[in-house]
Amino acid sequence: MGLKAGIVGLPNVGKSTLFNAITNSNVEAANYPFATINPNVGTVVVPDERVDNLVKLFNPKRTIYSTFEFCDIAGLVKGASKGEGLGNQFLSHIRETDAIIEVVRCFDSAEIIHVENTVDPIRDIEIINLELVMADLDTCNSRLAKIGNKARISKEKETVVEANLLNRIKTTLESGKALRGLDFSEEELKIAKNFNFLTIKPIIYVANVAESDLSNLENCKYYQEVKEYALKENAQAIAISCEVEAILAKSPKEEKDEYLKSLGVDMSGLDKLAQSAYKLLNLSTFFTVGADEVRAWTFKNGMTAPDCAGIIHTDFKKGFIKAEVYTYDDIMKYKTELALKEAGKLRIEGKDYVAKDGDIFFFRFNV
């Protein structure tokens with residue numbers, strides 16, 4: 001499954017620094033607004049110690065981790081939906097993502113310019129979110145202008161359902177609220193997805209804190225404000241020091257671990273971001289293993305064995321017969337597949353089996 005998240009925020013809040021760090025890239029991260037002119041896209045490996053442990057057991061020729069695509073989008077400013085700053089040309093890039101990662105500055109510094117002149121994370125969040133709401137309202141009004149009269153005159157069921165939904169969406173947006181807070185039926189959600197509304201996408205607020213605050217977040221006033229705001233929105237908030245991530249990106253693993261330990265934290269920002277994104281998008285991981293390859297695959301919770309087989313190849317799903325399944329925990333305990341079989345831990349599952357995080361599959365199919 002190709003997963004993509006858009007990194008957004010005001011200019012100079014740490015977006016490009018974070019992007020550089022998590023993708024180990026070298027996009028410009030200058031201390032002035034609009035340093036990012038084109039969306040920078042990078043694919044990151046999702047760290048997973050389970051893959052590392054499976055590699056030790058199977059010693060494969062090839063190792064493939066799950067990946068996540070991040071798109072760094074030019075800084076938005078007040079009025080972006082109406083063309084201010086670099087305008088809404090960049091909002092189209094956000095429409096193509098599965099989730100939004102909104103970076104918010106949560107540290108004071110006289111050396112780094114703030115486009116609004118002062119540090120106020122809630123104000124910054126509301127500026128960005130309002131621009132996304134206004135962009136969605138433009139999309140909604142544009143579509144209603146095309147089908148509103150048709151719905152009233154023709155009374156066609158599909159058109160009436162769409163018009164009614166868009167009017168409900170319009171009311172929500174005009175009140176300044178995001179669409180992710182609305183309850184949609186399956187039919188409504190299918191219609192809404194056709195328009196790639198920005199505020200319907202799940203969101204993670206990344207509080208870019210000072211290095212000194214990482215080990216004492218309870219006393220970081222700015223982060224606590226963001227966390228409280230996210231809770232009210234039923235969203236996620238995580239604290240990351242983009243400065244620290246930039247250092248970690250250039251360090252060997254041993255030095256990374258030592259540096260994190262010295263900061264009093266046990267997980268890098270990338271790890272926290274990946275975990276939060278998976279949780280946000282209701283995702284899990286299954287594995288395929290063998291002498292040729294150990295590979296992590298991302299799937300949506302609730303998928304069946306044939307659905308997971310289809311992630312590998314559509315033919316696997318079409319010709320699905322059965323799946324041999326065992327768990328990561330069991331292979332770590334018994335060490336070999338032969339020992340698993342002897343212990344009765346290798347199962348044969350059919351088309352109705354719902355995959356679980358950490359399952360190891362061998363699919364049998366015929367086409």
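As a reminder, the structure under discussion sits directly above these lines.
Residues numbered from 1 in each chain as written. Predicted model: local features only at pLDDT ≥ 70, side-chain atom pairs only at ≥ 80, totals over all residues. Heavy atoms only, no water.

Student: Help me understand the packing of aromatic side chains in this model?
Tutor: Here the distance between the centres and the angle between the planes together describe a pair of aromatic rings. A full pass over the atoms with the stated rule returns 13 aromatic pairs. On the numbers, 5.9 Å between centres and 45° between planes, the contact of Phe286 with Phe299 is tilted. Taken as a pair, Phe286 in strand 8 (residues 283–288) and Phe299 in strand 9 (residues 293–300) lie far apart in primary sequence, 13 residues in all. Judged by centre distance (6.2 Å) and plane angle (90°), the rings of Phe286 and Phe363 are edge-to-face. Placement of the pair is Phe286 in strand 8 and Phe363 in strand 12 (residues 359–365), with a sequence separation of 77 residues. Overall, Phe286 belongs to the buried group, its relative accessible area being 0%. Accessibility expressed as a relative area gives 8% for Phe363, which makes it buried. One residue, Arg105, lies across the ring of Phe107, its end atom 4.8 Å from the ring centre. (Phe/Tyr/Trp six-rings, centres within 6.5 Å; stacked < 30°, edge-to-face > 60°. Helix = DSSP H or I, 4+ residues; strand = E, 2+ residues; numbered from the N terminus. Buried < 20%, exposed > 50% of the residue type's maximum accessible area, 1.4 Å probe, protein only. Lys NZ or Arg CZ within 6 Å of the ring centre and 35° of its normal.)

Student: What is the right way to look at the packing of helix 4 (residues 121–154) against helix 7 (residues 221–232) in this model?
Tutor: The relative placement of two packed helices is expressed as an angle between their axes plus a distance between the axes. Where helix 4 meets helix 7, the axes come as close as 9 Å, and the angle between the chain directions of the two elements is 40°. Taken together, helix 4 and helix 7 sit at an angle that is classed as oblique. Each of Pro121, Ile122, Ile125, Glu126 and Asn129 in helix 4 lies in contact with helix 7, whose residues at this interface are Tyr222, Glu225, Val226 and Tyr229. Looking at the contact of helix 4 with helix 7, its residues break down into 6 nonpolar, 1 polar and 2 charged. (Axes fitted to C-alpha atoms, helices over the stretch in contact; angles between N-to-C directions. Parallel < 35°, antiparallel > 145°, perpendicular 65-115°, else oblique. Contact = heavy atoms within 4.5 Å. Nonpolar A, V, L, I, M, F, W, Y, C, P; charged D, E, K, R; others polar.)

Student: Looking at this model, I keep getting lost on the pattern of salt bridges. Mind explaining?
Tutor: In a structure, side chains of opposite charge can pair up when their charged atoms sit close to one another. Counted under the stated rule, the structure contains 17 salt bridges. For Arg168, the salt bridge is made with Glu188, and the minimal N-O distance between the two is 2.9 Å. Taken together, the residues span a long stretch of sequence, with Arg168 in helix 5 (residues 157–174) and Glu188 in helix 6 (residues 186–193) at a distance of 20 residues. Residue Arg168 is classed as partly exposed on the basis of its relative accessible area of 31%. Between Lys253 and Asp257 there is a salt bridge, with its nearest N and O atoms 3.0 Å apart. Within this pair, Lys253 and its partner Asp257 are both found in helix 9 (residues 253–263), separated by 4 residues, close to a single helical turn. Look at the salt bridges and you will find they share partners, linking Asp48, Arg50 and Asp357 into a network. (Salt bridge = Lys/Arg side-chain N within 4 Å of Asp/Glu carboxyl O.)

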